[in-house]
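Coordinate inspection notes
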Amino acid sequence: MKVSLNWLKEYININLSPEEVGEILTDIGLEVEGMEQVESLPGGLRGVVVGHVVECGQHPNADRLSVTKVDIGNEAGDLLNIVCGAPNVAQGQKVMIATIGTTLYPTDSEEPLTLKKGKIRGEVSEGMICAVDELGIGTDHSGIMVLPAETEVGTLASDYFNIETDYVYEIGLTPNRSDATNHLGVAKDLAAYLKINHDYQDGVKVPDVADFVSDDNSLPVEVVVENPEACPRYAGLTLKGITVGESPDWLKNKLSAIGVRPINNMVDATNFILHELGQPLHAFDLREVKENKIIVKTLPGGAKFNSLDEVERELHAEDLMICNGAEEGMCIGGVFGGIKSGVKDDTTEIFLESAHFNSKWIRRTSMRHNLRTDAAKVFEKGSDPNISVYALKRAAMLMKELGGGTIASEIIDLYPNPVHRAEIEVRFTQINRLIGIDIPKETLLRIFDALEMETLRENEEAIVVAVPTNKSDVIREADVIEEILRIYGYNKVPIPEQVKTSMNIAPKPDPNEVRNAIGDYLAASGFNEMMGLSLSQSRYYKEVLPGLPTEGMVYINNTSSVQLDIMRPDMLVSGLEAIVHNQNRQQSDLQLFEFGRTYHMGPEGTEEAEHLSLFITGERYAESWINNRKGDADFYTLKALVNNVMARLGLSGYQESVIKDEVFAYGVKYHRGPNTLVQFGKIQPKLAKAMAIRGGVFYADIHWDSIMKAIRKHKIEYKEVNKFPSMRRDLALVIDNSVKFSDIVAIARKHGKKLITDINLFDVYENVKQLGEGKKSYAVSFIFENESKTLKDKEVDKVINKLIADYEAKLGASIRR
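In what follows, the accompanying structure is described.

Here the focus is the overall build of the chain. Summing up its helical and strand segments, the chain has 22 helices and 42 strands in all. Here the chain has a C-alpha radius of gyration of 39 Å; the compact-globule value for 817 residues is 28 Å, and the former is much larger. When the backbone C-alpha atoms are referred to their principal axes, the chain occupies close to 115 × 85 × 65 Å. In the chain, buried positions account for 47% of the 817 residues. Put simply, of all contacts in the chain between residues at least 6 apart along the chain, 70% involve residues at least 24 apart. If you sum the accessible surface of the chain, you get close to 42,100 Å²; carbon and sulfur atoms cover 47% of it.

In structure tokens, the structure reads:
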């Protein structure tokens, strides 16, 4: 939410700097996320002053240029030499001078103009005599702007044109601050803090509507509220004889400062009241209010409605509609107007609505249609039902002032069940317990008075207060205590001299240490850590990536973003989103990892699982002068990293299985019985294509919970380097293509587990003519060691012969001699 400092000053008298005001706003719970200086004219015409043309003559080298000497009233009394091309420049004129270094924002130019000292056709020019469009205040470029003769030389252009400089705060408004959705509410909160902490004596100047009067009752409108639950209060009146036109500068400047685009005087008036008082209004062209009747009701589900943004929307059965006498929808109540019923350039009669809608109804409708309008944001926080008529009077008086006309009806006000102030007892013991200090009773009474909380009763133990209805979230004792603390000042609560804590014994192995160790390894290997959302879109699994499992998805009612409607069931989609994001920004060579959780609906409720995901795509090696290695990353690039992670964790002795499913075009799963440790491989090309990813993607899903359980049973052992020499033997095995290297390793471990310390595949050879159809040749090396003695050839040969026999018998291998 944007808040204008100049606007606030219309309600409270403050002489604090913009930075001090920003600090106070943050202290009272209105966190200032940014502050921006805003001017009614870009650049504020800094560096532009009123000058007097003392001399004016023909340029010696150009027929259409003049050479002038201009007095700008500087202390030294020096005259500026300025070359001017305007046909109307003349001696004795008072003009606007842009001095050297000034930046102008001309009306018809997209780029600003910064003046520099230079020569024009050989004559020095030390500034510019400005035309209206060059100053950015109009479009006239027929000549320079000539000022009245009595204008004082040296007057700043910002003073002459009365250019406003404002400071606008970007406030991160929390959902519980329904009282601060508007400038008057912020001003009241600010004044309350100043009264308690800065001895502020003045009150808050609330706009007066005592002069409101209905001129006649010539255009009465009947109002029927069929759904009082969704619309507890509905008020309105009619105006006639109005003229729709451009708003005055003061109104346009106020709205523009807070990012609201001025439209016309009638619409701008309703937007002004919204941001001044926090009461959304809607102005209907009375010609569209058929039978001069308003009906507040719901329409059947599936009914069509053309909204103001020219979109045909399908209504839900619980979308509250403002309808005319023909029961035609004119507006989605509290959310968005219709394309036909709004104020037009030729509108002369309007019906002005000021209503209070149920916050839950408005939020659901707003989120269903993805219409996050300013009005909906106010209503969903809880607008004040007791200012509807006050805001209506304020708006009607303003519209008469801006567009003329008369108020042509009495105020219609349907309020069958008035909302009263909540009465809450606040105990002194609870204040001390929650805040941590004793606040004097006199101070508490002053805070309640500053917050407009009426003190109803008091005794030695508690105070009973009546909470204003604009604080819809203040309904409990703890809420009132929070209000006390905001105004009293968080910073006034002392920090205790002693901090008490308890010992915390970390489990072994420490999950954080293990996670950090693997994260450090991956980062050192060239990976970047990413952080994906725990939320995802169900449409990925139903529309974009059909085939991915959808069973057990955890759906949520996400009112902030309706698209993110499930907790992510896997790590895959968030990683693919990250790849798309990077590829769209010309980052194609990616190595990403993420620690995160996945969510599934189990028989006993939601189940969470910890995972580590790896993603690789693009070139394997970065371009470098030191080597010419090229080529895309492949399955074995990922496998090497997975194996290194497993080795870093001290895990071995797991089984391997080949996988091919809806996710993996091909891959491998490491597991111990039914417990999966990791599965990795190449993502199905159709999945990558559906996400608009260029190139192949290799993905590893490490089941971190299973990994942590496995390493708890693993003991780290340290051994000295073997002092006895090792021996190497190589075998060339011709085997079927279906045989895996892991099969060769398993047999070798069985026969040589005490002597074989390393097994390596160092060559793969395929040749149909020499080896036969469906055959391949693996060259495998075996390293033998004995920790207690030097090995002899016969000991090694004995193991090798057993290996050869098993390879021939179990794998159908033939040994190339």
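And the narrative resumes.
Below, the discussion takes up the layout of surface pockets. Its volume calculated, the second largest pocket comes out at about 1,200 Å³. Residue lining of the second largest pocket: 44 residues in total, with N271, L274, T373, D374 and A375 positioned closest to the centre. When contributions to the lining of the second largest pocket are tallied by element, the ones reaching two or more residues are strand 13 (165-171), helix 7 (265-277), strand 16 (281-285), strand 21 (329-332), strand 22 (336-337), strand 23 (349-356) and helix 9 (374-381). Here the lining of the second largest pocket gets six residues from one element, more than from any other, and that element is helix 9. Residue classes in the lining of the second largest pocket are distributed as 23 nonpolar, 13 polar and eight charged.

Over the atoms rolls a probe the size of a water molecule, and in doing so it shows where empty space is left. This structure, assessed with the given rule, holds two cavities of 30 Å³ or more. Estimates place the volume of the largest cavity at around 100 Å³. Lining the largest cavity, in full, are D179, G185, K188, D189, A450, L451, E452, P468, N470 and K471. Per element, the largest residue contribution to the lining of the largest cavity is three residues, and it comes from helix 5 (residues 183-197). Estimated volume of the second largest cavity: approximately 40 Å³. Going through the elements one at a time, strand 30 (535-536) and helix 16 (572-583) are the ones with two or more residues in the lining of the second largest cavity. A per-element tally of the lining of the second largest cavity places helix 16 first, with three residues.

Another aspect to go through is the pattern of salt bridges. Side chains carrying opposite charge are able to pair once their charged atoms draw close together. What the rule picks out here adds up to 43 salt bridges. A salt bridge links R427 to E477, with the nearest nitrogen and oxygen atoms 2.7 Å apart. In this pair, R427 is assigned in strand 26 (residues 422-427) and E477 in helix 13 (residues 477-488), connecting sequence segments 50 residues apart. Given the relative accessible area of 15%, E477 is considered buried. With its nearest N and O atoms 3.5 Å apart, the salt bridge here joins D797 to R729. Note that D797 is positioned in helix 22 (residues 793-810) and R729 in strand 39 (residues 727-736), a separation of 68 residues in sequence. Taking relative accessible area as the criterion, D797 reaches 33% and is therefore assigned partly exposed.

With 18 residues, helix 22 extends 25 Å from end C-alpha to end C-alpha; this agrees with the ideal 26 Å at 1.5 Å per step. Among the structural elements, strand 39, helix 20 (741-752), strand 40 (756-765), strand 41 (775-784) and strand 42 (814-815) are those in contact with the buried residues of helix 22. Just downstream of helix 22 lies G812, where phi reads positive at about 70°.

Okay, the packing of helix 14 (residues 511-524) against helix 17 (residues 635-648) next. Running from N to C, helix 14 and helix 17 cross one another at 145°; their axes reach a closest spacing of 11 Å. Read as a crossing pair, helix 14 and helix 17 show a hand that is right-handed. Here A517, I518, Y521 and L522 of helix 14 come into contact with helix 17, specifically with L641, N644, V645 and R648. In terms of residue class, the contact of helix 14 with helix 17 is built from six nonpolar, one polar and one charged.

Summed over the entire model, instances satisfying the criterion amount to 14 aromatic pairs. An angle of 65° between the planes, with centres 5.9 Å apart, marks the rings of F635 and Y666 as edge-to-face. Taken together, the residues F635 in helix 17 and Y666 in strand 36 (residues 664-672) connect sequence positions 31 residues apart. For F635, a relative accessible area of 8% translates into the label buried. Between Y670 and F680, the aromatic rings sit 5.3 Å apart at their centres with planes inclined by 80°, giving edge-to-face as the arrangement. In this pair, Y670 sits in strand 36 while F680 sits in strand 37 (residues 675-683), placing the two residues 10 residues apart along the sequence. As far as burial versus exposure is concerned, Y670 and F680 are alike and both buried. Joined through ring pairs, the aromatic side chains of F635, Y636, Y654, Y666, Y670 and F680 make up one cluster. The positively charged end of R539 is found above the aromatic ring belonging to Y540, 5.1 Å away from the centroid. Lying over the aromatic face of F762, R728 brings its terminal NZ or CZ to 5.2 Å of the ring centre.

The subject of this paragraph is the environment of E19. Tracing the sequence through the fold places E19 in helix 2 (residues 18-27). Separated by 723 residues in the primary sequence, E19 and S742 have C-alpha atoms spaced 67 Å apart.

With that settled, consider the sheet that holds strand 39. Spatially, four strands are ordered 40-41-39-42 in an open sheet, and the strand pairing comes out antiparallel. Two strands lie at the open edges of the sheet, namely strand 40 and strand 42, each paired on one side alone. Pairing geometry for strand 40 and strand 41, over eight bridges, is antiparallel. In the strand pairing of strand 41, I756 is matched with F784.

The next subject is unusual backbone geometry. Phi angles above zero are rare outside glycine, and R121 is one such case at about 55°. Its place among the elements puts R121 in the loop between strand 9 (118-120) and strand 10 (123-125). In this structure, A692 takes a positive phi of about 60° despite not being glycine. Here A692 lies in the loop between helix 18 (685-690) and strand 38 (697-703). Taking the relative accessible area as the measure of exposure, A692 reaches 52% and is therefore exposed.

Okay, the environment of R486 next. Along the chain, R486 falls in helix 13. With relative accessibility at 2%, the residue R486 sits in the buried group. C-alpha of R486 to C-alpha of V311: the two residues are 175 residues apart in sequence and 44 Å apart in space. Apart from the residues within four sequence positions on either side, R486 is in contact with D27, I28, R177, D179, D189, Y193, L451 and K471. A distance of 2.7 Å separates a polar side-chain atom of R486 from the backbone oxygen of I28. Reaching out from R486, the side chain makes a polar contact with the side chain of E483 at a distance of 2.9 Å.

The rules behind the values
Residues numbered from 1 in each chain as written. Predicted model: local features only at pLDDT ≥ 70, side-chain atom pairs only at ≥ 80, totals over all residues. Heavy atoms only, no water. Helix = DSSP H or I, 4+ residues; strand = E, 2+ residues; numbered from the N terminus. Rg over C-alpha atoms; globule rule 2.2 N^0.38 Å. Buried < 20%, exposed > 50% of the residue type's maximum accessible area, 1.4 Å probe, protein only. Contact = heavy atoms within 4.5 Å. Areas by Shrake-Rupley, 256 points an atom, 1.4 Å probe, with all protein chains shown as cover. 1 Å grid on protein atoms, 1.4 Å probe; cavity = no way out; pocket = protein on both sides within 12 Å on 5 of 7 lines; lining within 4 Å. Points joined across faces, edges and corners; volume = space filled by probe spheres on them. Nonpolar A, V, L, I, M, F, W, Y, C, P; charged D, E, K, R; others polar. Salt bridge = Lys/Arg side-chain N within 4 Å of Asp/Glu carboxyl O. Expected span 1.5 Å × (residues − 1). Axes fitted to C-alpha atoms, helices over the stretch in contact; angles between N-to-C directions. Left-handed = near helix turned anticlockwise from the far one by under 90°. Phe/Tyr/Trp six-rings, centres within 6.5 Å; stacked < 30°, edge-to-face > 60°. Lys NZ or Arg CZ within 6 Å of the ring centre and 35° of its normal. Pairing = 2+ DSSP bridges. Polar contact = N/O pair within 3.5 Å; in protein donor to acceptor, adjacent residues only side chain to side chain.

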